[in-house]
Amino acid sequence: MSAISVKQLAGETDLLLAAILDQSQDCIKLLSPSGEIEYMNENGRRVMAIENFADIVGQHWSNFWPEETRKTINTSIDKARRGQQSRFEALCPTLDGTPTWWDVSVGPVCDTAGKVRHILATSRDVTDYMTRRLSEQLRREEAEQHAEFSESVAREMRHRLKNQLAVVGSVAKLLSRHSETAEEMQIKLERKISALAKAQDMLTVHRDEPVTASAAIEQVLGASGAGEAIEVLEIPEVRLGDDGVQQLALMLGELQTNSLKYGALRRDKGKITLSATREDRTLCVHWHEDIGEPLAKPEHVGAGMTLLQRLGSTGSHRGKVEWHSTGPAATFYLRTLP
């Protein structure tokens, strides 16, 4: 076989180059220095679902990318004009709307004098790889979220258990002062502990109908172990969703826990009144505590009261705890159902 002469090779260069480019599985584009499409290989037109190359030739390359990616495209073109290479991964649908991930390389094509005459942009379809990578990332994130959620639940359960034990201990002391015999105290304590268990059912069991505020308050106080010592005044007949019931239980539970530890429920002569008013679609709950003797305002507000002020706020209404001469007064807000 005779060798191909330089003259013959030069004459066939364009055909050979076109054949080589068409054999590539990548989408290969030749752009002008300003970014307009001048050439695209056959496979590139196929994967991009371009039926007629004449429809896109002369258009700026960035026009075919989503708005959020065009800054990256224009930056890569600008770098190529300065003789620099760049590479990135991005999502761009084909002309028929098929979502496709691309691994893109962009670089200059220079003449013998080193002047940039064209820009070469090569895009490889990496959708399968990116789908696997994103799926793995999603699984990792879900696993991390699950672990974080489990730890949060465990912390919350430890906190609630600690509070419940404190409540049980305080209730036992309260009952001991109002029980004639150990047997009587045992019966009362069993009832209170049973009520505490029922409170959890109220917050977890699905209800077909929303509970009213008065019914929720009655159940929360009845389950608290010390609700009998709280005088409930007028409560508007409004309905609460699950979030409202949970918020109510958290608020009253925190107030009762603090009162059993430090306030009115700790003393026989202590008194607490609970009332509520309605403001549009908001229930304003008022807790007024009187320990029966003068009380100086504490120098520092505990974490429980700070939490109450935060959780007891909704919309433009802000929960608050104020101190009068014989104890604290708390106000918090709940969203009501229509």
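Placed above this text is the structure.
Residues numbered from 1 in each chain as written. Predicted model: local features only at pLDDT ≥ 70, side-chain atom pairs only at ≥ 80, totals over all residues. Heavy atoms only, no water.

## Some details on the overall build of the protein chain
- When you go through the protein chain residue by residue, the secondary structure sums to eight helices and twelve strands.
- Put simply, the protein chain has 338 residues, and 36% of those count as buried.
- The long-range share in the protein chain, meaning contacts at least 24 apart out of those at least 6 apart in sequence, stands at 55%.
- On the protein chain, roughly 20,700 Å² of surface is accessible, and the fraction owed to carbon and sulfur atoms is 53%. (Helix = DSSP H or I, 4+ residues; strand = E, 2+ residues; numbered from the N terminus. Buried < 20%, exposed > 50% of the residue type's maximum accessible area, 1.4 Å probe, protein only. Contact = heavy atoms within 4.5 Å. Areas by Shrake-Rupley, 256 points an atom, 1.4 Å probe, with all protein chains shown as cover.)

## Observations concerning empty space enclosed by the protein
- Per the stated rule, a full pass over the model turns up one cavity of 30 Å³ or more.
- Looking at the largest cavity, its volume works out to about 110 Å³.
- Put simply, the parts of the chain that give the lining of the largest cavity at least two residues each are β1 (27-31) and β2 (37-40). (1 Å grid on protein atoms, 1.4 Å probe; cavity = no way out; pocket = protein on both sides within 12 Å on 5 of 7 lines; lining within 4 Å. Points joined across faces, edges and corners; volume = space filled by probe spheres on them.)

## Let's talk about the sheet that holds strand β7 (residues 230-232)
- Ordered by their spatial adjacency, five strands build an open sheet running β7-β9-β10-β12-β11, and the pairing between neighbours is mixed. Taken across any chain shown, the strands that pair with only one partner, and hence form the sheet edges, are β7 and β11 (320-324). Here the strands of the sheet are splayed against their neighbours by 20° on average, with no regard to which way each runs.
- Taken together, the nine bridges between strand β9 (residues 271-279) and strand β10 (residues 282-290) define a ladder with antiparallel strand orientation. (Pairing = 2+ DSSP bridges. Axes fitted to C-alpha atoms, helices over the stretch in contact; angles between N-to-C directions.)

## A look at a negative patch on the surface
- Negative charge collects at one region of the surface, where Glu141, Glu142, Glu144 and Glu148 lie side by side.
- Structurally, the position occupied by Glu142 is in helix α4 (residues 127-176).
- We classify Glu142 as partly exposed; its relative accessible area is 46%. (Patch = residues over 30% accessible without salt bridge, like charges linked within 9 Å, V, L, I, M, F, W, Y side chains within 5 Å. Salt bridge = Lys/Arg side-chain N within 4 Å of Asp/Glu carboxyl O. Lys, Arg positive; Asp, Glu negative; His and termini not counted. Charge placed at Lys NZ, Arg CZ, Asp CG, Glu CD.)

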